[in-house]
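Structural overview for review
Chain by chain, the residues:
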Amino acid sequence: MRALSKPFKRAPEVHAPVVIERSEHNISRKQISTAALKVLYRLKSEGFDAYLVGGGVRDLLLGESPKDFDIATNAKPEQVRGLFKNSRMIGRRFVIVHVVFGREIIEVTTFRAPPRPRDIDPDGRIRSDNNYGDIASDAARRDFSINALYYNIADFSVTDFFGGLQAIKDKKIRFIGDPATRYQEDPVRGLRALRFAAKLGFELDDDAFEALSFARDNLEQIPAARLYEEAMKLFLSGHGEASLDALLDGDLLFTLFPTVDERLQDHEEQFEAFIRATLVNTDQRVQEGRSVQPGFLFAAFLWADVKDRADDIAPGGHTQVQAVLSAADIILAQQTKYTACPKRFTQPAIDVWVLQARMATARGKRVERIVEHPKFRAAVDFLKLRDAVGEDHGLDLQYWVELADQIPPAPVRQRRFDDDEQGERPRRRSNQRRRGKKTPE
Ligand code: ATP
Ligand code: MG
């Protein structure tokens, strides 16, 4: 290790950046995706600085395989966009370039400087974070010390700006700067802190935990679409049950799923068992590289609400299916205010709910139609979970499981939770480009 000769000016804490030479860390290029390496080398050959940063470096140092690779550079977004045909600029509050390689997306960000005063709201929230700077100022803008480690493609060294390596050793989530201020700037950092704690088996530093109220009090101002993204990272990345516990511990679950939080606070035991069984199941599927669907998670989290509401509606001369459909509308509309789930994922949730009602009364031809439904297998998985926690469903579980087992299994492949079913989006884009149309941005 050697200390950088240039002193670090803007550091909120006194920490000399430390460079760990190639021979002194365990990151090898073999562990980095070909796509990420391509982007790093291309930037370098064009004369730009290019670093792997964030989860890519953190997880490799921990001996885990990263979910995705993020790159930081001194190239401006327009310059990055110009270098890669397969790229698009996204975001407004925080502009990023996505370089798209089939299913893999490499996120490239330009070194940031602290936001200008006019970009900060009176309540401390950062409205726009597109002020560019150098690597040192960029490191200071990142959230946690473990996320401010930079792997340099020029010499394969790692630079640690805020004691990230020590935090890894201590298994601590430590903020760069004052936690209260950092939560106020962006309350989503509260959810991120808990997510990393759950994923890595780390703990929040005491001051980061104590200041969580600054995130708690401000999360309602965050757009529900962003909270949806964050919720799916929490629950569908293979550490769902640990994330639930972390959210309960930090008292932030109500900001994402208020009715789930309420039922858990009220000690509804069967409900808790059902939610946990769903998450254990989801975590296992991720481990096995099988697909996990946001719709299934929503179906589970909101099932008790839908059932209660449907029970209120049904006596008014409705069929059970009609009652479930009306209840689904109401419950999903309420939930959307917190986490806005896209329609293409709420529809599968509705299908799973309605199939529960249809299975309850089906005979003869109707059974065939249920079995042909694209969500039938998911509906039976759902029924299994209901059964496992002792819910009084009144259905012949064995009968439906046997029917589901006769359907050939879908091929196993890794999916991003935000992929659509057929994974058509990247293909459509490249077709459009071939026809000379502008890539949608
Ligand atoms: P993972 O990809 O495993 O979820 P990550 O740390 O890579 O974890 P990303 O959301 O991919 O998280 O972000 C990449 C990096 O960008 C982070 O490591 C962090 O340095 C920085 N970052 C992301 N979101 C924020 C934020 N809200 N505030 C400050 N820095 C952030
Ligand atoms: Mg990442």
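Thresholds, definitions, all that
Residues numbered from 1 in each chain as written. Chains lettered and ligands numbered in written order. Predicted model: local features only at pLDDT ≥ 70, side-chain atom pairs only at ≥ 80, totals over all residues. Helix = DSSP H or I, 4+ residues; strand = E, 2+ residues; numbered from the N terminus. Buried ≥ 20, exposed ≤ 12 C-beta atoms within 10 Å, placed from the backbone. Contact = placed C-beta atoms within 7 Å. Core = buried A, V, L, I, M, F, W, Y, C linked by C-beta atoms within 7 Å. Near = placed C-beta within 6 Å. Nonpolar A, V, L, I, M, F, W, Y, C, P; charged D, E, K, R; others polar. Axes fitted to C-alpha atoms, helices over the stretch in contact; angles between N-to-C directions. Parallel < 35°, antiparallel > 145°, perpendicular 65-115°, else oblique. Left-handed = near helix turned anticlockwise from the far one by under 90°.

Looking now at the overall build of the chain. Scanning the chain from terminus to terminus reveals 20 helices and 11 strands. Within the chain, buried positions represent 38% of all 441 residues. A fraction of 64% describes how many contacts in the chain between residues 6 or more apart in sequence connect residues 24 or more apart.

Apart from glycine, the bulk of residues carry a negative phi angle, and the bulk of peptide bonds sit in the trans form. Phi at Lys171 takes a positive value of approximately 55°, unusual for a residue other than glycine. Residue position: Lys171 is located in the loop between helix 5 (164-170) and strand 10 (172-173). Classification of Lys171 by C-beta neighbours within 10 Å gives partly exposed; the count is 13. One non-glycine residue, His267, adopts positive backbone phi at about 55°. You can see His267 is positioned in the loop between helix 12 (258-265) and helix 13 (269-287).

Attention now moves to the nonpolar core. With 108 residues, the main nonpolar core has Ile71 and Ala299 as its most contacted residues. Here the element with the most residues in this core is helix 14 (residues 294-313); it accounts for 10 residues. Excluding residues that lie within four positions of it along the chain, Ile71 makes contacts with Ala36, Val39, Leu40, Ala50, Tyr51, Leu52, Val53, Ile106, Glu107 and Val108.

Here the focus is the site of ligand 1. Not every one of the 13 residues close to ligand 1 is listed here, only the nearest: Gly54, Gly55, Arg142, Asp143 and Asn147. Across the shell around ligand 1, the residue classes break down as two nonpolar, three polar and eight charged.

By the element assignment, Gly55 lies in helix 2 (residues 55-61). Distance in space between the C-alpha atoms of Gly55 and Ala148 is 9.2 Å, their sequence separation being 93 residues. For Gly55, the contacting residues outside a window of four places in its chain are Pro66, Lys67, Asp68 and Asp70.

Helix packing for two helices is described by the angle between their axes and how far apart those axes are. Packing of helix 7 (residues 188-200) against helix 11 (residues 240-249) leaves a shortest axis separation of 8 Å and a crossing angle of 135°. Accordingly, the angle class assigned to the pair helix 7 and helix 11 is oblique. For helix 7 against helix 11, the interelement crossing comes out right-handed. The segment helix 7 lies against helix 11, with Leu194, Arg195, Ala197 and Ala198 engaging Ala242, Ser243, Ala246 and Leu247. Class assignment of the residues belonging to the contact of helix 7 with helix 11 gives a composition of six nonpolar, one polar and one charged.

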